[in-house]
Each structure stands twice: as structure tokens, then as C-alpha cells.
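Residues per chain are reported as follows:
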Protein chains: 2
Amino acid sequence: MPYVMVQIPKTPAPAQRSVPTSADVARLAGVSRATVSYVLNNTSAVRISEPTRRRVHEAAEELGYVPHAAARSLRAGHSRMVLMPAPAIPVGSLYSRFINELQQALGRLDYTVVQYGSPGPAGDDAARAWAELRPVAVLVPGSGLGPQGVALLRRSGARAVVTLGPEAVRGAHALLMDHAAVGRAAGAHLYARGRRRIGVVVPEEPGLEVFSRPRLDGVRRSLRGTGATVTELPLAYEEEAAAALAARWRDLGLDGVFAYNDEYAALLLRALQDEGVAVPGDTALIGADDLMVGRLLRPRLSTVHIELPSGRDLAELVDRAVREPGAALERREVLGAAVVARDSS
Amino acid sequence: MPYVMVQIPKTPAPAQRSVPTSADVARLAGVSRATVSYVLNNTSAVRISEPTRRRVHEAAEELGYVPHAAARSLRAGHSRMVLMPAPAIPVGSLYSRFINELQQALGRLDYTVVQYGSPGPAGDDAARAWAELRPVAVLVPGSGLGPQGVALLRRSGARAVVTLGPEAVRGAHALLMDHAAVGRAAGAHLYARGRRRIGVVVPEEPGLEVFSRPRLDGVRRSLRGTGATVTELPLAYEEEAAAALAARWRDLGLDGVFAYNDEYAALLLRALQDEGVAVPGDTALIGADDLMVGRLLRPRLSTVHIELPSGRDLAELVDRAVREPGAALERREVLGAAVVARDSS
């Protein structure tokens, strides 16, 4: 558990000794603690005169008193925090842009995105750790959270749980992102180009399976019943590994290859060229994610462009779900995949 | 303020109605609330029999009671949360790897990294928002946090504040990362290669100034007094923008160029080649960050390799600072910059 219990110290530690409390503010302002709480929490339920408000704000300022978000959320029942588990692996530029856009959009709606660090507990244990922060909404990319985890989050006050992944989870809103669609598009494209012996580059780096497995499965599904073959090609993201793969290319006898994404495709393209394999003459090559690198290489890389939900749409879904926690659960397919045919296939 | 006050609802919202409390656990287990608190917080100050402990745990389990991290940290004075502001711009692969390594390392020491979302308040207002979550330590990359913000964080219970940036801030540990060193290394390299009319590519994308300005200044400083000229070249990360810059390359009359990083260098290299400018014959080119893309292009890109502090070292510094909040502040230069000369310069 990341929230390990800390023994309550017998004497307060130096750093805490001078933490000002709302009682200090009340004393300095000459009002009750309840009044301090009403003023600083901006409660509209109680009428408080402007001069009193001002006195409380000035006293808080003078003492450097900071209200405790935790205490606030204990009182209010929830916060404006949208919790997301932080990715367990270094993120690619596509995901980084998506997170960024989402943060901006939620920020405009007065939410704050908090990315909860990994490595942490997994599955429903993770849900328990997240619940301890009392987020108002939880956004979970990937799979792993089960219905029990969702129920626990709802019970502890999260008004909305939204998953982004291949399958819906009971009790949660679901933005369905089926990466098999990426593989299906790539497989169909290579087949349409007359390729029948298809390789699929699968990254060896741990953590990427959640995307790479469905992409591979998608290629398989798109070629089922056609007589075309699919060969899995594990590849580490290193020049040496790519050179080793390219060195046995002629033995593999592949005439088409789908690489996990444009970075792996670029790595393989360079290695194939160094080995004298003509692309697309000998082997057609297509990547995915439509990254800039694909446009800088020659031949220009064909790719599968991926449409993710816009940060703004997602932020609005979260906000709607928070405001109406009892409304019907949303289920939406959000991942679009479209081939951008350039010169490598 | 990201923690916007939420009006306390007159009747509890549906999602909150059934949130189990420690009082429910106490009732079911047949013990006092204090006992529940002692058991679930694992307090060693009070002796509680094993059967009682078990009864409390079973009751909590049955009810699905989740302790409130906030309430815990109110009691304990602090949490195991290390707060970092999330970057306001999509992160590059270098930074993404760094954050990931840091998360892993802090996780092994039982801390949880929480990335606090932007856009949020800036400067010392940001510190106030962070303080509301009562982190045990705060790690602030970039500049912006002032001594008042540091003091506020310390007052609200953060045992350590660590900045990663160009300058130390009073009251905080400082890991000094001077990106001017990157520009100095690049400038000196181009000068040593006999280049005297040096261009510096500066990204037009907002948010990167915190790195790009010192890199440009570093080039200027390395060439001061040599008679070499420095020309600033603003560039958006788009093929069209690079083509437009390359089209006026001969008018610019530059014989050397340092691009902000390898991504911008790759973009410019391709545009220069399309324009018939020989690299390094007409213009020597060097990038920075030592990204894979630089090794995939021909000629292979020269680059400035950057050494960031290891996640493990940084995690240990945070842990030391948390355990001894009164110890002397650390100041350390952590950014190393070394030229990797390949074929483009």
C-alpha cells in the first residue's frame, strides 16, 4: 500500500510545530472557529458580514494559514479532484498530448487532474488506494479495474468512474478503445497491396502488451480465412536488435510487415535498408500512430492514424457524470483507426 | 484555485448516502471508534489484542470501509505523498523516462508520486494549492516557485521541498539543472569544427522556453569574443515551417546550426536535404537529447547527450530530506552535457 501508516510522533516534528490552525485564525480575528470555517469555505448557508469576512481573510493571510483540502473534502463529501493512475511506463508522444489536452479541458471546468503514481497496488487494491484521496471522479485507462473496484470507489464518494479500455466494467462509464481496430486496418491494407506473408513487430519492452496484443490480434483477425500467414516478430527498441532481425529477413520470407508503431517501423526501416532489403519493393511496411518521424524518413512511412477522444469531449463527459451521478452509464466507441498510405507500402 | 469550494448539499447526494464510516465499523465489531482508529491506523501507542484487531479488520472488510487518507494525514500530520506539478506541455521521451524512473524509485521507498495537474495557479499560489493536499515532500521542476511558496509548503507540513531548475530557491533543496550547459557544448563543438556563422533553432511551441532560452544563451556565451555570429531561428514543429526555413537557407548564409533537440534537428535536416543543402558540407548540424531518431537518419545526427539525475539518487535525496527535515539544504549540479559527434557536423 502506498499510503503506509506513519506512527504518530510523541512530540510534534520541528516542521509541524508551527503549522497554523483555524483556531489560531479565529483567535487573531476575534471570531469563532465556525465562522472561520464558514468564511474560508465560502459557505452560502450562513450570512456573514463583509467586515467579518475581511477580518478572517486578513488573519489567515497574516498567519499563513492554508486550509486542508482533506478537511474540506471531509466536510463537503468530495473534492474537485479527478484522479487518473499515472502510466507505469514512459509515455509516447500521442498519449502525452492526450493527457495534456485532457488536463487543460478539465482545468477549464475547475477540476484538477491528479495522476496517481505507479508502481502501486494493482486491480481492486489500487481502487482502495485511490479511494483514500476521495476523488470526485476517477478515470482509468487500460484494463485491470474490476466491478468490485468500481463499487468501492463509488461507495467512498467518487461520483463517476470512467474506464478507457477494450471492455466495459460494470458500474463504470466506458469509453471503449479497441486497439484491435489498428491491427485490422493495417492487415487489410497490406492484403490489399497483394501481400500474403505478413510479419507483425511486437515490442519486447514490458508494459506495452496492453496495446501490442490487441494490435497483433487485429492483424490476425483481418487475415483470417484469406490464406495469408502472420508471423510475430518480437523486437526491442534498439538498433542492434533491429539489425539482427533484418539480418535474417530473407530467411523469414515476408513480403509485408506491420510494426507496432511508427517508432518501431522507423527503426526496422533503417535496418532493412542497411541490409539491402527494398521497401516497399521486397517488403511493404506500415506503422501506426502517425508520428512525425514517419514523414521524415525516405520512403515516407505508411501509417495507421489513430483518433483518440478529444480532451474536451472527455472532460465534458466527466463533468456531466459528476453532476448527475445517478444518470445512465455511457458506453461509447471512441478509437478511430484510418490508414494513411504513403510510400513504404 | 483548483480546489473550488463545493456548496454543502442540503441532502446528501445518492452516491454518498451509503458511504460507510468508522462508526459503522465500530458498531459491527462491537468496539469503540477509538479502537477502530487505532487498529486501522496500526498505532503502536496502544496495545490491542489480536482477536479484537481481527474483528475490526473483518468488520471493515464486510462494510467496504475505506479509511480517508485525508483524515489519516490530519491525524499523522503528513502523508507518504510526494507531490510534483504535472508538466503543462506534452512531455518528451527524455522527461517521460525520467519521471517514470523516479516514480519507480520512490515507490520502492513506499512513497507515492502524485502529479498535480496543470493548468493551475502559478508561483506561490500554486504552492498554496499543493499545500492543501498535505504532501510530505514537494518536487518542483522548472522555475516559478519562490521563497514564500517554499515557506508556505514547509509551514503546512511538507518536510522537504526540492527544486529542479536553473537556480536555488531559499529554503528548498536544489538540484541545479542549467540547460545553458547544453548550448555551450553545442556552440563550442560547432566552433571547433570551424563554423563561424551559427544558427540556433528555437521552438515556437509555447512552454518550451524554460529549456530553449538557456540553451540559446549557452551558445551565445560559448562564442562570446570569438567573432562568430549567432542567429536565432524560430521554428514550429511542422514540415511546412521547416521547408520555409530551408527555402531561405542560402540567404541566411549559416555554416553551422544547433537545433533545440534531435526532433527539431531531424525536421530541419530533412528540409535542408530536400532543398539541396549539404549537411555537413554546407552546414554542420547538431541536435540535443540523444534521441533514437538521430541515429536513424543519414547522415547520423550529432547531438548533445544529457545526463539527468537518476531517479534512484533523487528518490534517496527526498527520503533523506523527509526523515531529517531540519538537516542542511542540499545544492547539487546534476545536469551533465556531452557532445556525441556523429556524421552531421
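Keep in mind the model is a prediction, meaning the values are calculated, not measured.

**Observations concerning the overall build of chain A**
Line of reasoning, step 1. The helix and strand inventory of chain A stands at 15 helices and 12 strands.
Line of reasoning, step 2. Across the 345 residues that make up chain A, the buried fraction comes to 54%.
Line of reasoning, step 3. In the form shown here, chain A has an accessible surface area of approximately 14,400 Å², with 50% of it arising from carbon and sulfur atoms.

**So, the pattern of salt bridges**
Line of reasoning, step 1. Considering all chains together, one arrives at 32 salt bridges over all chains under this definition.
Line of reasoning, step 2. Close ionic contact of Asp274 of chain A with Arg298 of chain B constitutes a salt bridge, the shortest N to O distance being 3.2 Å. On the criterion of chain membership, the pair formed by Asp274 of chain A in helix 13 (residues 262-274) and Arg298 of chain B in the loop between helix 14 (292-296) and strand 10 (303-307) is interchain, its members lying in two chains.
Line of reasoning, step 3. Judged by its relative accessible area of 26%, Arg298 of chain B falls in the partly exposed class.
Line of reasoning, step 4. Where Asp319 of chain A meets Arg323 of chain A, a salt bridge forms, and the shortest distance between an N and an O atom there is 3.0 Å. Taken as a pair, Asp319 of chain A and Arg323 of chain A lie in helix 15 (residues 311-323) at a separation of four residues, close to a single helical turn.

**Describing the pairing of strand 4 (residues 160-165) of chain A**
Residues and elements named next belong to chain A.
Line of reasoning, step 1. The buried fraction of strand 4 amounts to six of the six residues, a majority that puts the element mostly inside the structure.
Line of reasoning, step 2. With burial as the criterion, each face of strand 4 is covered, one bearing Ala160, Val162 and Leu164 and the other bearing Val161, Thr163 and Gly165.
Line of reasoning, step 3. For strand 3 (residues 137-141) and strand 4, the ladder comprises five bridges, and the chain directions are parallel. Bridge pairing in strand 4 links Pro141 to Leu164.
Line of reasoning, step 4. This β-α-β element, strand 3 to helix 8 (residues 147-155) to strand 4, shows right-handed connectivity.
Line of reasoning, step 5. Bridge analysis of strand 4 against strand 5 (residues 173-176) gives four bridges, and the strand direction is parallel. Residue pairing for strand 5: Gly165 is matched across the bridge by Leu176.

**Section: the environment of Pro206 of chain A**
Line of reasoning, step 1. With respect to the element layout, Pro206 of chain A can be found in the loop between strand 6 (197-203) and helix 10 (209-223).
Line of reasoning, step 2. Spatially, the C-alpha atom of Pro206 of chain A lies 8.2 Å from that of Ile89 of chain A, the residues being 117 residues apart in sequence.

**Examining empty space enclosed by the protein**
Line of reasoning, step 1. Inspection of every chain in the model, using the stated rule, returns five cavities of 30 Å³ or more.
Line of reasoning, step 2. One number sums up the size of the largest cavity: a volume of about 240 Å³.
Line of reasoning, step 3. Around the largest cavity, the lining comprises 22 residues; the ones closest to its centre are Pro87, Val91 and Gln115 of chain A together with Val91 and Gln115 of chain B.
Line of reasoning, step 4. Mapped onto the lining of the largest cavity, the elements with two or more residues apiece are helix 6 (93-108) of chain A together with helix 6 (93-108) of chain B.
Line of reasoning, step 5. Split by residue class, the lining of the largest cavity holds 14 nonpolar, eight polar and no charged.

**Some words on the confidence of the model for chain A**
Line of reasoning, step 1. Looking at chain A, pLDDT values average 86 and 88% of them are 70 or higher.
Line of reasoning, step 2. Counted against residues more than four places away or in other chains, residues 1-17 of chain A, with its pLDDT under 50, gives 38 contacts.

**With respect to the packing of helix 9 (residues 180-192) of chain B against helix 10 (residues 209-223) of chain B**
All names here are of chain B.
Line of reasoning, step 1. It is the contact of helix 9 with helix 10, at a shortest axis distance of 6 Å, that shows an interaxial angle of 40°. Comparing the axis directions of helix 9 and helix 10 gives the class oblique. Note on packing geometry: the crossing formed by helix 9 with helix 10 is right-handed. Here Ala180, Val182, Gly183, Arg184, Gly187, Ala188 and Tyr191 of helix 9 lie close against helix 10, whose contacting residues are Pro214, Arg215, Gly218, Val219, Arg221, Ser222 and Leu223.

**Points about the sheet that holds strand 4 of chain A**
Line of reasoning, step 1. Pairing is mixed in the open sheet, where 12 strands are placed in the order 11(A)-5(A)-4(A)-3(A)-1(A)-2(A)-2(B)-1(B)-3(B)-4(B)-5(B)-11(B). Taken across any chain shown, the strands that pair with only one partner, and hence form the sheet edges, are strand 11 (331-333) of chain A together with strand 11 (331-333) of chain B. Along the sheet, successive strands turn relative to each other by an average axial angle of 20°, direction set aside.
Line of reasoning, step 2. Helix 15 (residues 311-323) of chain B contacts strand 1 (81-85), strand 3 (137-141), strand 4 (160-165), strand 5 (173-176) and strand 11 of chain B of the sheet and is inclined by roughly 150° relative to strand 4 of chain B.

**Some points on helix 9 of chain B**
Line of reasoning, step 1. Its 13 residues give helix 9 of chain B an end-to-end C-alpha distance of 18 Å, which sits within 8% of 18 Å, the value for a rise of 1.5 Å per residue.
Line of reasoning, step 2. Those residues of helix 9 of chain B that are buried are in contact with strand 6 (197-203), helix 10, strand 8 (256-259), strand 9 (284-286), strand 10 and strand 12 (336-340) of chain B.

**Some remarks on unusual backbone geometry**
Line of reasoning, step 1. Cis geometry is found at the peptide bond from Arg298 of chain A to Pro299 of chain A, where omega equals -5°.
Line of reasoning, step 2. Tracing the sequence through the fold places Pro299 of chain A in the loop between helix 14 (292-296) and strand 10 (303-307).
Line of reasoning, step 3. Residue Val279 of chain B is joined to Pro280 of chain B through a cis peptide bond whose omega torsion reads 10°.
Line of reasoning, step 4. Counting through the fold element by element, Pro280 of chain B comes out in the loop between helix 13 (262-274) and strand 9.
Line of reasoning, step 5. The backbone phi angle of Asp110 of chain B is positive, close to 70°, even though this residue is not glycine.
Line of reasoning, step 6. Within the secondary structure, Asp110 of chain B is located in the loop between helix 6 and strand 2 (112-116).

**Quick notes on the sheet that holds strand 7 (residues 229-235) of chain B**
Residues and elements named next belong to chain B.
Line of reasoning, step 1. Strand order in the open sheet formed by four strands is 7-6-8-9, with parallel pairing between adjacent strands. Two strands bound the open sheet, and with one partner strand each, they are strand 7 and strand 9. Neighbouring strand axes in the sheet, compared pairwise and without regard to direction, differ in orientation by 20° on average.
Line of reasoning, step 2. Pairing analysis gives three bridges linking strand 8 to strand 9, with the strands arranged parallel. Note on strand 9: the bridge partner recorded for Gly256 is Ala284.
Line of reasoning, step 3. Each of strand 6, strand 8 and strand 9 touches helix 9; the most contacted strand, strand 8, lies at about 160° to it.

The rules behind each value
Residues numbered from 1 in each chain as written. Chains lettered and ligands numbered in written order. Predicted model: local features only at pLDDT ≥ 70, side-chain atom pairs only at ≥ 80, totals over all residues. Heavy atoms only, no water. Helix = DSSP H or I, 4+ residues; strand = E, 2+ residues; numbered from the N terminus. Buried < 20%, exposed > 50% of the residue type's maximum accessible area, 1.4 Å probe, protein only. Areas by Shrake-Rupley, 256 points an atom, 1.4 Å probe, with all protein chains shown as cover. Salt bridge = Lys/Arg side-chain N within 4 Å of Asp/Glu carboxyl O. Pairing = 2+ DSSP bridges. Right-handed = clockwise from strand over helix to strand, strands pointing away. 1 Å grid on protein atoms, 1.4 Å probe; cavity = no way out; pocket = protein on both sides within 12 Å on 5 of 7 lines; lining within 4 Å. Points joined across faces, edges and corners; volume = space filled by probe spheres on them. Nonpolar A, V, L, I, M, F, W, Y, C, P; charged D, E, K, R; others polar. pLDDT = per-residue confidence, 0-100. Contact = heavy atoms within 4.5 Å. Axes fitted to C-alpha atoms, helices over the stretch in contact; angles between N-to-C directions. Parallel < 35°, antiparallel > 145°, perpendicular 65-115°, else oblique. Left-handed = near helix turned anticlockwise from the far one by under 90°. Expected span 1.5 Å × (residues − 1).

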